[in-house]
Amino acid sequence: MNREIHESLTDYTRWLNVNSEKTFTLYDYIHGVFQYENLHSDLAIAFLKLLWPDFMIRDEFVFLKEEFTSERYQETITAASEKAEIEYWMNLLNINETINCDSMEISLLFANKMSEMWSKKLFSEFPNKKFKVEVICEGEGSDMEIYLTFQQCN
């Protein structure tokens, strides 16, 4: 892992310092947090679904299956001024609300890596479609909101 990012992982660094007498990896950290914080394995599956999501098709659109509701779909169709906006708004995910990071740097890293993963998953499931997956940053400093979304390109 790149040293700058490593230094930004404050909880991991704390665990690393406590376990300094042996080689301590990120995998050891994951094991330790799940064991000592008594986290349920469902959380691991939830993260898998966040990072490598399931998609669904409704009409000609592709959506995040976990976030889709028929009510929201109807509201978005009604409110959208252009057809291209429908996927954009329906698939918009606020990273700050999804994960609670200590720093914007880590939130942005997470969003960028998620963007790469979503791009690969979309390509693997829909090889004949082209998608734009984008990370959006609004605001500055600690008030910055980071979003991730995708939509088909024509």
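Look up: the structure comes first, before these words.
Residues numbered from 1 in each chain as written. Predicted model: local features only at pLDDT ≥ 70, side-chain atom pairs only at ≥ 80, totals over all residues. Heavy atoms only, no water.

Draft legend 1. Region of the structure containing the overall build of the protein. From N to C terminus, the protein includes eight helices and five strands. The N-to-C order of helical and strand elements in the protein reads α-α-α-α-β-β-α-α-β-α-α-β-β. Across its three principal directions, the C-alpha atoms of the protein cover 60 × 35 × 30 Å. The buried share among the 154 residues of the protein stands at 32%. Counted over contacts in the protein with a minimum sequence separation of 6, partners at least 24 positions apart contribute 50%. By element, 52% of the accessible surface of the protein is carried by carbon and sulfur atoms, the whole surface being about 10,300 Å². On the protein, the mean spot of the 14 positive side-chain charges and the mean spot of the 27 negative ones are 9 Å from each other. (Helix = DSSP H or I, 4+ residues; strand = E, 2+ residues; numbered from the N terminus. Buried < 20%, exposed > 50% of the residue type's maximum accessible area, 1.4 Å probe, protein only. Contact = heavy atoms within 4.5 Å. Areas by Shrake-Rupley, 256 points an atom, 1.4 Å probe, with all protein chains shown as cover. Lys, Arg positive; Asp, Glu negative; His and termini not counted. Charge placed at Lys NZ, Arg CZ, Asp CG, Glu CD.)

Draft legend 2. Broad picture of a nonpolar patch on the surface. A cluster of nonpolar side chains, namely Leu26, Tyr27 and Ile30, defines an oily patch on the protein surface of about 330 Å² accessible area. In this fold, Ile30 is placed in helix H3 (residues 26–36). (Patch = residues over 30% accessible without salt bridge, like charges linked within 9 Å, V, L, I, M, F, W, Y side chains within 5 Å. Salt bridge = Lys/Arg side-chain N within 4 Å of Asp/Glu carboxyl O.)

Draft legend 3. Fine view of the packing of helix H2 (residues 10–18) against H3. Viewed as axis vectors pointing N to C, H2 and H3 meet at an angle of 95°, and their least axial separation amounts to 10 Å. Here H2 is positioned roughly perpendicular relative to H3, judged by the angle of their axes. Of the residues in H3, those touching H2 at Asp11, Tyr12 and Trp15 are Leu26, Tyr29, Gly32, Val33 and Tyr36. Split into classes, the residues belonging to the contact of H2 with H3 amount to six nonpolar, one polar and one charged. (Axes fitted to C-alpha atoms, helices over the stretch in contact; angles between N-to-C directions. Parallel < 35°, antiparallel > 145°, perpendicular 65-115°, else oblique. Nonpolar A, V, L, I, M, F, W, Y, C, P; charged D, E, K, R; others polar.)

Draft legend 4. Quick peek at the nonpolar core. Among the nonpolar cores identified, the biggest contains 18 residues, and Phe55, Val62, Ile95, Met114, Trp118, Leu122 and Phe150 are the most heavily contacted of them. Elements with a minimum of two residues in this core: strand E2 (61–64), helix H8 (104–125), strand E4 (131–138) and strand E5 (145–152). In terms of residue count, H8 provides more of this core than any other element does, four residues in total. Setting aside residues no more than four positions away along its own chain, Trp118 makes contact with Leu50, Leu51, Pro53, Phe55, Leu64, Asn91, Leu93, Val133, Leu148 and Phe150. With six residues, the next largest nonpolar core counts Phe61, Phe63, Ile86 and Met90 among its residues. (Core = buried A, V, L, I, M, F, W, Y, C linked by side-chain atoms within 4.5 Å.)

Draft legend 5. Spatial organisation of the side chain of Asn96. Secondary-structure assignment places Asn96 in helix H7 (residues 95–98). On the basis of relative accessible area, Asn96 is assigned to the buried category, the value being 19%. Engagement of the side chain of Asn96 in a polar contact is seen with the backbone oxygen of Met144, the distance being 3.2 Å. With residues near it in sequence (within four places) discarded, Asn96 still touches Met104, Met144, Glu145 and Ile146. (Polar contact = N/O pair within 3.5 Å; in protein donor to acceptor, adjacent residues only side chain to side chain.)

Draft legend 6. Fine view of the pairing of E4. Note that E4 and E5 share eight bridges and pair antiparallel. When the bridges of E5 are listed, Glu134 appears paired with Thr149. The turn linking E4 back onto E5 is made up of six residues, and Gly139 within it adopts a positive phi angle of 90°. (Pairing = 2+ DSSP bridges.)

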